[in-house]
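Chain residues, written in single-letter form:
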Amino acid sequence: MQETGNNYTLYNSLTALVPLGLFDPKTARAMLVEVADLSENDEVDFIDVPSYDAVLVYAAPPRKVTGEGRFIPELYRLLNVSVGIEDYNRIVASWMEGRLFLVVAQGRNLLFCNSFQASDFTTAEYFLFLVLNRLQLNPEVSPVYFRTRLTTDEEASLCRYFKSVGYVE
């Protein structure tokens with residue numbers, strides 16, 4: 001968990017992206033329970049993602065853990081940063097705490113938003129390439145951007161396949 005101002009970045013998989021037209025705040029917890037295993041202590045929160053006409057519903061530890069701060073899921077940060085990338089194929093990822101977070105968009109269309117358990121970087125690469133293969137996106141003509149820092153070896157490994165490797169905030 002990384003602190004940014006009064007907000008904390010949440011690196012967990014307990015999220016669901018819901019189209020704005022289907023979202024009802026009263027049923028947010030029920031929506032999330034359909035796709036994630038929640039504990040009784042998990043607080044369910046949601047945050048608008050206007051650039052993709054969606055709402056990200058997520059579970060976070062009780063607010064008493066952070067006091068005034070708010071948990072913001074890493075997928076939300078990736079969704080927001082993807083909009084500012086000028087490339088047609090927008091591939092944005094983070095690899096932190098044994099999990100790969102991945103957002104893929106093409107033009108104005110969001111194609112993929114999810115995370116995978118990836119205890120090592122080779123596994124994270126596997127999932128990245130699996131998603132791109134399924135979406136029929138060619139990494140050789142697409143840059144990939146990371147919000148988290150990679151080692152020199154990890155970056156070099158990706159440079160063999162992608163047009164370029166960059167970083168975003």
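Residues numbered from 1 in each chain as written. Predicted model: local features only at pLDDT ≥ 70, side-chain atom pairs only at ≥ 80, totals over all residues. Heavy atoms only, no water.

Account for the sheet that holds strand 9 (residues 109-117), naming residues and giving values.
Taken together, 5 strands build an open sheet; the order of strands is 9-8-7-10-11 and the sheet is mixed. Of all the strands in the sheet, just strand 9 and strand 11 (164-167) have a single pairing partner and so form its edges. On average, each strand axis in the sheet is tilted by 20° relative to the strand beside it, whichever way the strands run. As judged from the 8 bridges shared by strand 7 (residues 89-96) and strand 8 (residues 99-106), these two strands associate in the antiparallel manner. Across the sheet, Met96 pairs through a bridge with Arg99, a residue of strand 8. In the packing of helix 2 (residues 74-83) onto the sheet, contacts are made with strand 7, strand 8 and strand 9, and the angle to strand 8 comes to roughly 30°. Here helix 4 (residues 152-159) sits on the sheet and contacts strand 7, strand 10 (143-146) and strand 11; the angle it forms with strand 11, its principal contact strand, is near 135°. (Pairing = 2+ DSSP bridges. Helix = DSSP H or I, 4+ residues; strand = E, 2+ residues; numbered from the N terminus. Axes fitted to C-alpha atoms, helices over the stretch in contact; angles between N-to-C directions. Contact = heavy atoms within 4.5 Å.)

Give a detailed account of the sheet that holds strand 4 (residues 43-49), specifying residues and quantitative values.
Ordered in space as 3-5-4, the 3 strands form an open sheet in which the pairing is antiparallel. Because the sheet does not close on itself, it has two edges, and the strands there are strand 3 (15-19) and strand 4. Averaged over all neighbouring strand pairs, the angle between strand axes comes to 25°, with direction disregarded. One ladder, built from 7 bridges, connects strand 4 with strand 5 (residues 54-60); its direction is antiparallel. Residue Asp48 lies in a different strand from strand 5, and its bridge partner there is Val55. Contacting strand 3, strand 4 and strand 5, helix 2 crosses the sheet at an angle of about 0° to strand 4.

Can you explain the pairing of strand 9? Please cite residues and give values.
Bridge count for strand 8 against strand 9 is 8 bridges, and the pairing is antiparallel. In the sheet register, Arg99 faces strand 9, and the bridge partner there is Gln117. Counting the residues in the hairpin turn of strand 8 and strand 9 gives 2 residues, including Gly107, whose phi is positive at 60°.

Hey, could you go over the packing of helix 3 (residues 121-134) against helix 4 for me, with residue numbers and the actual values?
Taken N-terminus to C-terminus, the directions of helix 3 and helix 4 make an angle of 25°; their axes are 11 Å apart at the nearest point. Between helix 3 and helix 4, the angle falls in the class roughly parallel. The chirality of how helix 3 crosses helix 4 is right-handed. Of the residues in helix 4, those in contact with Phe121, Glu125 and Leu128 of helix 3 are Glu154, Ser157 and Leu158. (Parallel < 35°, antiparallel > 145°, perpendicular 65-115°, else oblique. Left-handed = near helix turned anticlockwise from the far one by under 90°.)

Explain helix 3 residue by residue, including any values.
Here helix 3 spans 20 Å end to end across 14 residues, near enough to the 20 Å set by a 1.5 Å rise per residue. Within helix 3, burial applies to Phe121, Ala124, Glu125, Phe127, Leu128, Val131 and Leu132. One face of helix 3 carries all of its buried residues, which in axial projection span an arc of 165°. Residues of helix 3 that are exposed and point more than 90 degrees away from the buried face comprise Thr122, Tyr126, Asn133 and Arg134. Those residues of helix 3 hidden inside the fold are in contact with strand 7, strand 8, strand 9, strand 10 and helix 4. Structurally, the start of helix 3 carries an N-cap: the backbone nitrogen of Thr122 is 3.2 Å from a side-chain oxygen of Asp120. (Expected span 1.5 Å × (residues − 1). Buried < 20%, exposed > 50% of the residue type's maximum accessible area, 1.4 Å probe, protein only. Arc of directions from axis to C-beta. Polar contact = N/O pair within 3.5 Å; in protein donor to acceptor, adjacent residues only side chain to side chain.)

Geometric values such as these leave the question of function open.
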